[in-house]
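In case you want the letters, here they are:
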Amino acid sequence: MFDLDSWREIFQSISKNKLRAVLSGFTVAFAILLFTLLFGIVSGLKNTFADAFVDDAANSMFVRVWKTSKPYKGLQSGRRIQLKNKDYNYVADKYNNKIQYLTARIYKNVSISYKNKQDAYSLRAVHPDHQFLEKTIITDGRYINELDLQQASKVIVIGRLVKQDLFGERPALGKQVNVNGLSYKVIGVFTDDGGDNEERLTYMPVTTAQKLYGNNDYISQINIGYDPKLNLNQAIAFGNSLERDLREKLDIHPDDQSALSVRNMAEANKGVNQFMLALYFIVVFVGSGTLIAGIIGISNIMIFSIKERTKEFGIRKALGAKPSSIIAMVVKESLLITALAGYLGLLLGTYILNQIGDSLEEYFIKNPGVNTGIVVGATVTLVIAGLIAGYLPAKKAAQIKPIVALRAD
């Protein structure tokens, strides 16, 4: 395999037949290049979908209510549906074995000030599980806990940009801020991968908001993190069951889509998975066609090359060369060309994806990349095809008697 004279002969053969070598290499390189670009674009689409859901846990459900649009059980349409603590407790009790996280939300727009700094922010009153459903990253201090809920503590967790607005580079933990005329203690600072809008939010205990802003048991929304052990179909069935039960409990018509909705991330994830699977099938089909075309191209070129060198093989055999040495020489040459061309195709494809990656974001293709294993596998397939394409006709040519080979045109 590492015989220097043998490899010298191979390079001499390639140098004397540059066009043949270039055509063989181009076929392989183009096939791998196209394969790399196709899979890179699909990967970019997958990244776009992943970023669209980065702000929430993948196993989230969101229960929202509005006004009814259909009369039901003698009740008028246009009736405002209001979620309450008893509805939250109903969900917690009935579906306890299917729930990993559970939180209510109350939305408020508040004015927050510290010394001479003041601005308007969105506030969410929540339960402790909200941290995991929203993927809130605490960078300083802590999040809301059960004791805060029990005591209806006047504590607040602020986003990174809220801290920056009110405190600048100074520490915020333990400081008292004024929220709509009431003093709250800052117990935590957080960041969020959802971006600047998410980092301008503030959180307080849901019990505190109910006590101080309305003195009622109203909640705006119920967020659920279903058990991650449930597969997508089971999670979708859970969401449908939850929606039916809540419609019945709140006296909402089964077909009234305006009054209540359960947004289930399992449905979105299933849709994305189906779309990506279909896209991968298309890419595999097109990519396989490209690889097959490359294999056919290599085979045709190698058959023509060996036929052209029949007389050369006859001379080698007449001088005492063994058939195995002739076959080995052809196979090594085929291996060298296909492996080198495949590697160049992979490098070029990766380079193109890196260069055009940023410009594709407007087409919803983010950070296009390629799974090296897949492309290397495709390259190995082409290399093996090149070996077979070189071996079979070379074996046949090596078996021809020298006198017959020397007569070949």
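For the protein chain, the name recorded in an unreviewed UniProt entry is ABC transport system permease protein, with Tenacibaculum platacis as its organism. Its UniProt record, at the heading Sequence similarities (unreviewed entry), says of the protein chain: "Belongs to the ABC-4 integral membrane protein family."

Description of the overall build of the protein chain
When helices and strands are counted, the protein chain shows 13 helices and 12 strands. A total of 409 residues make up the protein chain; the buried ones form 45% of that total. Nonlocal contacts in the protein chain, meaning residues at least 24 apart in sequence, comprise 77% of its contacts between residues at least 6 apart. Just so you have it, the protein chain exposes about 21200 Å², and 58% of that area is on carbon and sulfur atoms.

Digging into the side chain of Glu-199
Locating Glu-199 in the fold gives a position in the loop between strand S8 (182–191) and strand S9 (201–205). Using a relative accessible area of 6% as the deciding quantity, one classes Glu-199 as buried. Contact partners of Glu-199, with chain neighbours within four places excluded, come to Gly-159, Arg-160, Leu-161, Val-162, Phe-190, Thr-191 and Asp-192.

Quick word on helix H8 (residues 232–249)
Taking 1.5 Å of rise per residue, the 18 residues of H8 would be expected to cover 26 Å, and the 26 Å separating its terminal C-alpha atoms lies within 8% of that figure. Here H8 has its buried residues at Ala-235, Ile-236, Phe-238, Gly-239, Ser-241, Leu-242, Glu-243, Asp-245, Leu-246 and Arg-247. One side-chain oxygen of the residue at the start of H8 lies 3.1 Å from the amide nitrogen of Asn-233, identifying that residue as Asn-231. A positive phi of about 55 degrees marks Asp-251, the residue just after H8.

Overview of the pattern of salt bridges
Across all of its chains, the model carries 11 salt bridges by this definition. Here Lys-73 ties to Glu-248 by a salt bridge, and the two come within 2.9 Å at their closest N and O atoms. With Lys-73 in the loop between strand S1 (60–65) and strand S2 (83–84) and Glu-248 in helix H8, this residue pair connects regions lying 175 residues apart in the sequence. For Lys-73, a relative accessible area of 48% gives the class partly exposed. Residue classification places Glu-248 among the partly exposed residues on the basis of a relative accessible area of 46%. In this structure, Lys-73 and Asp-251 form a salt bridge, with 3.5 Å as the shortest nitrogen-oxygen distance. Pair noted here: Lys-73 is in the loop between S1 and S2 and Asp-251 is in the loop between H8 and strand S12 (260–264), with a separation of 178 residues, a long-range link. Taken together, the salt bridges that share partners define one network made up of Arg-105, Arg-124, Glu-134 and Glu-198.

Focus: the nonpolar core
Judged by nonpolar contacts, the single largest core of 49 residues is most densely connected at Ile-156, Val-177, Val-179, Ile-222, Ile-224 and Leu-242. It is strand S3 (residues 99–114) that contributes the most residues to this core, seven residues altogether. If near-sequence neighbours (up to four positions away) are discounted, Ile-156 is found in contact with Ile-112, Leu-123, Val-177, Val-179, Tyr-184, Lys-185, Val-186, Ile-187, Gly-188, Thr-202 and Tyr-203. Grouped together as the second largest cluster of nonpolar side chains are 15 residues, Ile-32, Phe-35, Ile-365 and Ala-378 included.

Comments concerning the packing of helix H10 (residues 310–318) against helix H11 (residues 323–356)
Where H10 meets H11, the axes come as close as 10 Å, and the angle between the chain directions of the two elements is 140 degrees. In terms of orientation, H10 and H11 fall into the oblique class. When the axes of H10 and H11 are compared, the crossing they make is right-handed. Listed contacts from H11 to Glu-312, Phe-313, Arg-316 and Lys-317 of H10 are Pro-323, Ile-326, Met-329 and Val-330.

Examining helix H6 (residues 160–167)
Taken together, the buried positions of H6 are occupied by Leu-161, Val-162, Lys-163, Leu-166 and Phe-167. Elements in contact with the buried residues of H6: S3, strand S4 (117–126), strand S6 (155–159), strand S7 (176–179), S8 and S9. Once H6 ends, the next one or two residues include Gly-168, with phi positive near 65 degrees.

What about the packing of aromatic side chains?
On inspection of all chains with the given rule, the structure shows six aromatic pairs. Between Phe-26 and Phe-30, the aromatic rings sit 5.9 Å apart at their centres with planes inclined by 20 degrees, giving stacked as the arrangement. With Phe-26 and Phe-30 both in helix H2 (residues 18–52) and four residues apart, this pair spans about one turn of that helix. Consider the rings of Tyr-114 and Phe-167, whose centres lie 4.3 Å apart with planes at 40 degrees: the pair is tilted. Within this pair, whereas Tyr-114 is found in strand S3, its partner Phe-167 is found in helix H6, the two being separated by 53 residues in sequence. The exposure classification of Tyr-114 matches that of Phe-167, with both residues buried. Against the face of Tyr-90 rests Lys-249, its NZ or CZ located 5.5 Å from the ring centre.

Some remarks on the packing of helix H3 (residues 85–94) against H8
Where H3 contacts H8, the two axes come as close as 12 Å, and the packing angle between them is 140 degrees. Accordingly, the angle class assigned to the pair H3 and H8 is oblique. Our pair here, H3 against H8, has a crossing hand that is right-handed. Listed contacts from H8 to Lys-86, Asp-87, Tyr-90, Val-91 and Lys-94 of H3 are Leu-242, Asp-245, Leu-246 and Lys-249. By residue class, the composition of the contact of H3 with H8 is four nonpolar, no polar and five charged.

The rules behind the values
Residues numbered from 1 in each chain as written. Predicted model: local features only at pLDDT ≥ 70, side-chain atom pairs only at ≥ 80, totals over all residues. Heavy atoms only, no water. UniProt positions renumbered as here; feature names shortened; annotations may be inferred. Helix = DSSP H or I, 4+ residues; strand = E, 2+ residues; numbered from the N terminus. Buried < 20%, exposed > 50% of the residue type's maximum accessible area, 1.4 Å probe, protein only. Contact = heavy atoms within 4.5 Å. Areas by Shrake-Rupley, 256 points an atom, 1.4 Å probe, with all protein chains shown as cover. Expected span 1.5 Å × (residues − 1). Polar contact = N/O pair within 3.5 Å; in protein donor to acceptor, adjacent residues only side chain to side chain. Salt bridge = Lys/Arg side-chain N within 4 Å of Asp/Glu carboxyl O. Core = buried A, V, L, I, M, F, W, Y, C linked by side-chain atoms within 4.5 Å. Axes fitted to C-alpha atoms, helices over the stretch in contact; angles between N-to-C directions. Parallel < 35°, antiparallel > 145°, perpendicular 65-115°, else oblique. Left-handed = near helix turned anticlockwise from the far one by under 90°. Phe/Tyr/Trp six-rings, centres within 6.5 Å; stacked < 30°, edge-to-face > 60°. Lys NZ or Arg CZ within 6 Å of the ring centre and 35° of its normal. Nonpolar A, V, L, I, M, F, W, Y, C, P; charged D, E, K, R; others polar.

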